[in-house]
Amino acid sequence: QVQLVESGGGLVQAGGSLRLSCAASGRTAGNYRMAWFRQAPGKERDFVAGISRSGSITYYEDSVKGRFTISRDNAKNTVALQMNSLKPEDTAVYYCAAAIPNGDYRRAVGYSYWGQGTQVTVSS
């Protein structure tokens, strides 16, 4: 199995930047697709960004394109989400997830492993 631990969340002002990190342990990170999802209270988890096993292909939810960048370092078993030009609507708990490559990157049901989440709050 894979254990995932997120870090880097916090409180920032609108227009600011934040970098989230996900540390993986267990199997090598290169065996898995990785993704970031986010969830606000009372709402379902929404896809934010995904990255292929090699890191060469990335996917983004429309509202974060051009602002967020997902990356991975398989040697370190880490995945990062650089968030720039943050908006109040980005406020959520952000979760790192891992999946055996299969189907649509965007669907949460396809991911077998999840971190505990890290809170991101963007003030206006």
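Residues numbered from 1 in each chain as written. Predicted model: local features only at pLDDT ≥ 70, side-chain atom pairs only at ≥ 80, totals over all residues. Heavy atoms only, no water.

A.B. asks: Outline the overall build of the protein chain, supporting the account with residue identities and numerical values.
C.D. replies: Assigned secondary structure in the protein chain consists of 0 helices and 11 strands. When its helices and strands are written in sequence order, the protein chain yields β-β-β-β-β-β-β-β-β-β-β. Over its C-alpha trace the protein chain gives a radius of gyration of 13 Å, about what one expects of a compact globule, namely 14 Å for 124 residues. Each principal axis of the C-alpha atoms in the protein chain carries an extent, and together these give about 40 × 30 × 25 Å. Going through the 124 residues of the protein chain one by one, you find that 41% of them count as buried. Per element, the accessible surface of the protein chain, about 6400 Å² overall, is 46% carbon and sulfur. (Helix = DSSP H or I, 4+ residues; strand = E, 2+ residues; numbered from the N terminus. Rg over C-alpha atoms; globule rule 2.2 N^0.38 Å. Buried < 20%, exposed > 50% of the residue type's maximum accessible area, 1.4 Å probe, protein only. Areas by Shrake-Rupley, 256 points an atom, 1.4 Å probe, with all protein chains shown as cover.)

A.B. asks: Can you lay out the pattern of salt bridges for me, pointing to particular residues and giving the numbers?
C.D. replies: Under the defined criterion, the tally for this structure stands at 5 salt bridges. Across the salt bridge formed by K65 and D62, the nearest N and O atoms sit 3.1 Å from each other. The residues K65 and D62 share a single accessibility class, namely exposed. Between R106 and D104 there is a salt bridge; the shortest N-O distance is 2.7 Å. Its relative accessible area of 31% is what places D104 among the partly exposed residues. In the salt-bridge network here, residues are joined through shared partners; they are R38, E61, R67 and D90. (Salt bridge = Lys/Arg side-chain N within 4 Å of Asp/Glu carboxyl O.)

A.B. asks: Describe the pairing of strand β9 (residues 92–99), and please don't skip the residues or the numbers.
C.D. replies: Most of β9 sits out of view: 8 of its 8 residues are buried. Alignment of strand β4 (residues 33–39) against β9, held across 7 bridges, turns out to be antiparallel. Looking across to β9, one finds that M34 is bridged to A98. Of the strand pairs in this sheet, β9 and strand β10 (residues 113–114) are connected by 2 bridges, and their pairing is antiparallel. Bridging across to β10, A97 finds its partner in W114. (Pairing = 2+ DSSP bridges.)

A.B. asks: Outline the packing of aromatic side chains, supporting the account with residue identities and numerical values.
C.D. replies: When we look at a pair of aromatic rings, we describe it by the centre distance and by the angle of the planes. Using the criterion set out here, one finds 6 aromatic pairs in the structure. Consider the rings of Y32 and Y113, whose centres lie 5.8 Å apart with planes at 90°: the pair is edge-to-face. Residue Y32 is found in the loop between β3 (18–26) and β4, and its partner Y113 is found in strand β10; the two are separated by 81 residues along the sequence. Chaining the aromatic ring pairs together yields one cluster made of F37, F47, Y111 and W114. R33 extends its terminal NZ or CZ atom over the ring of Y105, reaching a point 4.1 Å from the ring centre. The ring of W114 has R45 lying over it, and the distance from NZ or CZ to the ring centre is 4.2 Å. (Phe/Tyr/Trp six-rings, centres within 6.5 Å; stacked < 30°, edge-to-face > 60°. Lys NZ or Arg CZ within 6 Å of the ring centre and 35° of its normal.)

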